[in-house]
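# Coordinate analysis (summary)
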Amino acid sequence: MATITTSEPAVSPTKAAQFLKAPKKNLIDGKWLESASGERFSVYDPSTGATIAHVPDSGAEDIDHAVKAARRAFESGPWPKLSPSDRGRLIWKIGDLILENLEELAEIESLDNGKPVAVARVADIPLAADLFHYMAGWATKIEGNTIPISALPAGDAKFLAYTVREPVGVIGQIIPWNFPLLMAAWKLGPALATGNTVILKPAEQTPLSALRLGELLLEAGVPVGVVNVVTGFGETAGAALAAHHGVDKIAFTGSTEVGKLIVQSAAGNLKKVSLELGGKSPNVVFRDVSNLDAAIQGAANAIFFNHGQCCCAGSRLFAEKEIYDEVVAGVSDFAKKIKLGPGLHPETEMGPLVSQEQLDRVSGFLNSGVQEGARTMTGGQRVGDRGYFVQPTVLTNTNPEMRVVREEIFGPVVVAEPFDKVEELIPIANQSEYGLAAGVWTNDIAKAHRAAHQLRAGTIWINCYNVFDAALPFGGFKQSGWGREMGHDVLELYTETKAVVVAL
Ligand code: NDP
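Summary of the structure given here. (Residues numbered from 1 in each chain as written. Predicted model: local features only at pLDDT ≥ 70, side-chain atom pairs only at ≥ 80, totals over all residues. Heavy atoms only, no water.)

Now for helix 7 (residues 208-220). Side chains that are three or four residues apart share a direction in an α-helix, a result of its 3.6 residues per turn. With 13 residues, helix 7 should reach 18 Å at 1.5 Å per residue; the first-to-last C-alpha distance of 19 Å fits that figure. Counting buried residues in helix 7 gives 10 out of 13 residues, a clear majority hidden from the surface. Three or more residues of helix 7 are buried, namely Leu208, Ser209, Ala210, Leu211, Arg212, Leu213, Gly214, Leu216, Leu217 and Ala220. Backbone geometry just downstream of helix 7 places Gly221 in the positive-phi region, at approximately 100°. (Helix = DSSP H or I, 4+ residues; strand = E, 2+ residues; numbered from the N terminus. Expected span 1.5 Å × (residues − 1). Buried < 20%, exposed > 50% of the residue type's maximum accessible area, 1.4 Å probe, protein only.)

Structure, rendered in structure tokens:
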């Protein structure tokens, strides 16, 4: 295991230093405010466990304040009067400002989440900017239809019927810690393109880039109250937002368990709900794949990217019997060479898990796998005693009853199983309460498309994995969620259709 020791001196961020020093407050109604209680909580560097900032510990009162501000901004003031074209330009500017501040945002993200700064630089931050740029274009294209109707005319009356799509209203957005800025962009971009106003609650582990984004939104000229950023815990601030009767819709990304709580909270005023939840995605390598090395590398990246903290991680690897040993050896070899270290270290390829809680959770799964009879091909242990590092791990000798096979681990842990025939594989691959993504590696185009058709998942990657684009819809079948984010599909989640009938 290549490890950059965590006892090496911490690498200090340069661009982000000034932002980190300044006091952190909520953005509500265009003002930076402490929580109503005055309480704050600590934000940690997951590579050391050291405190790097304090943010407001907000509760129901702060959420109520933000919801009222968002309602005012939705109903009056400059926002509802902006032309679609001006709205689009504003959203485009947010994307530009993200790119202008790319290095600082990458450092903040790396320090707060633990991911390698090099990854934040080429993935998280530019993808967030691209999402705003893509959504900017939609602001001028939210169209309805004219609809020929057959209603019986009174006398010789005729009708003109048409639909318009209007913003849903005040949106509560609750996001996780695995891609903090990118998840904020996935949520804010379409909400703003369609003319809604927002209360965004970032995850307690990673609130910093959302607060920096709040500054950029003001710099871009987003009117007061249109986007409010409120930090706090899920059980308090998040729950208050999900239950608030002044909120018209909740968009949530996180665990399936909390997704179900959100649905219950939303019942009070039957607010709309969209959910992007967990996954346990199958990644299938057939023996006819033309470039097995590329498939092995793809399978390794599918699970180890972002330390396995991806809802769509390829965490169940299936390889055809004849190539199984080679695939397992290849992925294990890849895992052994990954350089673990603090996110800001230039050589780091994999950082720490995000928190002590995630370390305990992933360690618990590793223990349960071994106790239930799984074989650890590589990894399986915590690294060091400082920070939340865990070895990239490959488990074999598993069966569908084991917790490591059924449950989302959300860490760098893959379970590998051989298969004999494609007819047997598909039901096993689909044997999950989740249905977020799947991968297929084969040179047989017909087989690839048959598998794509049979796999019950929202995204199927063929001879690739983790390919995302602002134009591609993303979301899950089964308990992986409700609705699709990105692409034009997401606009459905943020608009209401109104039918207008005119007697001519
Ligand atoms: P959660 O689902 O708890 O967190 C996601 C977001 O929901 C956070 O902003 C959190 O707030 C908030 N939240 C938590 N409880 C409530 C509540 N009762 N009402 C409203 N909002 C709430 O995920 P965890 O961070 O606890 O991670 C646990 C597991 O969830 C992971 O191991 C992984 O399996 C899965 N997960 C899936 C993600 C995905 O992308 N699909 C992303 C993150 C986690 P806060 O963090 O501030 O408490």
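Reading across from one edge, 13-16-17-12-11-19-20 is the order of the seven strands in this open sheet, with mixed pairing throughout. Either end of the sheet is taken by a strand with one partner, and the two such strands are strand 13 (375-378) and strand 20 (459-462). Adjacent strand axes in the sheet meet at a mean angle of 25° when their direction is disregarded. Note: strand 13 against strand 16 (residues 393-396), three bridges, orientation antiparallel. Counterpart to Thr376 in the pairing with strand 16 is Leu395. Running over the sheet, helix 14 (residues 422-429) touches strand 11 (282-285), strand 12 (316-320) and strand 17 (413-419) and is turned about 175° from strand 12. (Pairing = 2+ DSSP bridges. Axes fitted to C-alpha atoms, helices over the stretch in contact; angles between N-to-C directions. Contact = heavy atoms within 4.5 Å.)

Another aspect to go through is the packing of helix 6 (residues 180-193) against helix 7. Packing of helix 6 against helix 7 brings their axes to within 9 Å, and their N-to-C directions diverge by 50°. In terms of axis orientation, helix 6 runs oblique to helix 7. Crossing of helix 6 over helix 7 shows right-handed handedness. Counting all contacts with helix 6, which are made through Pro180, Leu181, Ala184 and Leu188, the residues of helix 7 involved are Ser209, Leu213 and Leu217. (Parallel < 35°, antiparallel > 145°, perpendicular 65-115°, else oblique. Left-handed = near helix turned anticlockwise from the far one by under 90°.)

The next point concerns a nonpolar patch on the surface. Together, Ile147, Ile149, Phe159 and Val501 make up an exposed nonpolar region whose accessible area comes to about 310 Å². Inspection of the secondary structure assignment puts Val501 in strand 23 (residues 495-503). (Patch = residues over 30% accessible without salt bridge, like charges linked within 9 Å, V, L, I, M, F, W, Y side chains within 5 Å. Areas by Shrake-Rupley, 256 points an atom, 1.4 Å probe, with all protein chains shown as cover. Salt bridge = Lys/Arg side-chain N within 4 Å of Asp/Glu carboxyl O.)

Here the structure, examined in full by the defined rule, presents 10 aromatic pairs. Between Phe41 and Phe233 the ring centres are 4.4 Å apart and the planes differ by 35°, which places this aromatic pair in the tilted class. Highlighted residues: Phe41 in strand 3 (residues 40-45) and Phe233 in the loop between strand 8 (227-229) and helix 8 (234-243), separated in sequence by 192 residues. Exposure remark for Phe41: the relative accessible area of 7% places this residue in the buried category. Owing to a relative accessible area of 25%, Phe233 belongs among the partly exposed residues under this scheme. Between Trp177 and Phe410 the ring centres are 5.3 Å apart and the planes differ by 85°, which places this aromatic pair in the edge-to-face class. Taken as a pair, Trp177 in the loop between strand 6 (170-174) and helix 6 and Phe410 in the loop between helix 13 (403-406) and strand 17 lie far apart in primary sequence, 233 residues in all. Judged on exposure class, the residue Trp177 and its partner Phe410 are both buried. Counting every residue linked through ring pairs, the aromatic cluster contains Trp186, Trp461, Tyr465, Phe468 and Phe474. Taking NZ or CZ as reference, Lys24 lies 4.2 Å from the ring centre of Phe19, over its face. (Phe/Tyr/Trp six-rings, centres within 6.5 Å; stacked < 30°, edge-to-face > 60°. Lys NZ or Arg CZ within 6 Å of the ring centre and 35° of its normal.)

Attention now goes to the site of the ligand. In the vicinity of the ligand there are 29 residues, among which Trp177, Glu204, Ser255, Arg361 and Glu408 approach most closely. Here an oxygen atom of the ligand sits 3.1 Å away from a polar atom, N or O, in the main chain of Gly232. Within the complex, 92% of the 850 Å² of free accessible area of the ligand lies under protein. Mapping the ligand onto the cavity grids shows that it belongs to the largest pocket. Elements that contribute at least two residues to the shell around the ligand include exactly helix 8, strand 9 (249-253), helix 9 (256-266) and helix 12 (356-371). Here the shell around the ligand is built from residues that sort into 14 nonpolar, 10 polar and five charged. (Near = heavy atom within 4 Å. Polar contact = N/O pair within 3.5 Å; in protein donor to acceptor, adjacent residues only side chain to side chain. 1 Å grid on protein atoms, 1.4 Å probe; cavity = no way out; pocket = protein on both sides within 12 Å on 5 of 7 lines; lining within 4 Å. Sits in = over half its atoms within 2 Å of the grid points. Nonpolar A, V, L, I, M, F, W, Y, C, P; charged D, E, K, R; others polar.)

In short, geometric facts, not functional conclusions.
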